[in-house]
Amino acid sequence: MRLQHGPAGERVDTLVVEEPLEIRIGGVTRQMTMRTPGHDIELVHGLLFSQGLIQGRRDVVEAYRCSGGSGSTISQGNAIDLVMAPGVDVDGRRSVVTSTSCGICGADSIQDVLDMIRGDLRDENSTFDMQMLASLPERLRAHQPVFARTGAIHAAGLFDADGTALCVREDVGRHNAVDKVIGNLLIDDRLPAGGTVLVVSGRASFDLVQKAAAAGIPVIVAVSAPSSLAVDLADRVGITLIGFARGATSNAYTHPQRIRIAG
C-alpha cells in the first residue's frame, strides 16, 4: 500500500531477495551467511580467501551446489559444498574475524589481519586520474540492474586505471558484494589485483579494507564515509582510501600520492 497525502493506493513492488547460504566443506556445515542469490561460488571462494582459510584457487578442487540445505529455513539449492585439495587443512587455519557484527577484539585480532596480508601495497606505484576516480560511482551504478529495480542492494566493482569495469557484483550485504568480486578474481587466477580500484556503493569499513588488502587492490573508492579503523588499516597496509565520492568532490584519507590531479 502506497502511503501518501490523499487516498492510499495499492501497487506491486519489487524486493531484493535475501536468503541464507550454507557453506559446507567435505559435507560438513562450516558457515552460514545471508546473501542475495547469484554468483554463490564466487562468494564462497572470496569469503574463505578473505578469512585466510584458503590461499588460492588451487586449494579448492571442486565447488558444487547441493540439492538442498540441512534445515527447514534453507530453501533448496542454498548450500555450497567444497572439496579441498590434498593437504589443505582448513581446521588448522584460523579464521580472521573482521566484520562489524562480529567485532574486533583488540590488537591481537588486528595483527592477525596484518599477518594474513601478503606483500606491502605501499610499494604499489600505480597512479590514477582524479577525474576518472570521481566518475567511478556513476560507472558502478550503470552496472547495477537489481538496484535500479529495488533501490535496496549494495554493489562492489573492480575497475582498471582507464575506468573500465572488470567485475561488478550486487548483494544485499556490502561485504558479500566485495567477496563475490574477489572470488571472481581468485577463480580466474588474477590475484593480486595490482593497478585496480575497488568501488563500493556504501561506506568503507575495516573488513572491506582488509579484503581489498588481501587481494592486493591498491585503491578503494567509497560513496559514503570510512570508519576510523578503516582509515587506520588503509594507512598501515598502503591502500589509497577515498570516501564521499559524489560527483566532482571526494576525500582522500590515505596515500594520496597515487592520485593524479590536473594542474
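Up top is the structure.
Residues numbered from 1 in each chain as written. Predicted model: local features only at pLDDT ≥ 70, side-chain atom pairs only at ≥ 80, totals over all residues. Heavy atoms only, no water.

### Some words on unusual backbone geometry
Quick reminder of the rule: What counts as a helix is a DSSP run of H or I of at least four residues, what counts as a strand is a run of E of at least two, and both are numbered from the N terminus.
Cis geometry is adopted by the peptide bond preceding P192, which originates at L191 and carries an omega value of 0°. Here P192 lies in the loop between α5 (174-187) and β8 (196-200). Positive phi values are uncommon outside glycine, yet F244 reaches one of about 50°. If you check the backbone angles, H255 has positive phi at about 45° while not being a glycine. Within the element layout of this structure, H255 appears in the loop between β11 (249-254) and β12 (259-260).

### As for the packing of helix α6 (residues 206-214) against helix α7 (residues 228-237)
Worth spelling out the cut-off: In this analysis, axes come from line fits to C-alpha atoms, helices being fitted only over the stretch in contact, and the angle between any two N-to-C directions falls in the range 0 to 180 degrees. The cut-offs work like this: below 35 degrees is roughly parallel, past 145 is roughly antiparallel, 65 to 115 is roughly perpendicular, and the gaps in between are oblique. Left-handed describes a crossing whose near helix is turned anticlockwise from the far helix by less than a right angle; the clockwise case is right-handed. Residues are treated as being in contact if the distance between any of their heavy atoms lies within 4.5 Å. Polarity classes work like this: nonpolar for Ala, Val, Leu, Ile, Met, Phe, Trp, Tyr, Cys and Pro, charged for Asp, Glu, Lys and Arg, and polar for all others, with Gly in that last group.
At a closest axis distance of 8 Å, the pairing of α6 and α7 adopts a crossing angle of 20°. Regarding the angle of α6 to α7, the classification is roughly parallel. In the packing of α6 onto α7, the handedness of the crossing is right-handed. Each of F206, V209, Q210 and A213 in α6 lies in contact with α7, whose residues at this interface are L229, A230, L233, A234 and V237. Its residues placed into classes, the contact of α6 with α7 shows eight nonpolar, one polar and no charged.

### Quick look at α5
The condition is simple: How far a helix is expected to stretch is found by multiplying one less than its residue total by 1.5 Å. For every residue, the accessible area (1.4 Å probe, protein chains only) is compared with the maximum for its type, and the residue is labelled buried under 20%, exposed over 50%, or partly exposed between those bounds.
Helix length check: α5, at 14 residues, gives a terminal C-alpha distance of 20 Å against a target of 20 Å (1.5 Å per residue), a fit within 8%. Burial analysis of α5 places twelve of its 14 residues in the buried class, which makes it a mostly covered element. All buried positions along α5 are accounted for by R174, N176, A177, V178, D179, K180, V181, I182, G183, N184, L185 and L186. Tucked inside the fold, the buried residues of α5 contact β2 (28-35), α1 (40-50), β6 (154-160), β7 (165-171), β8 and α6.

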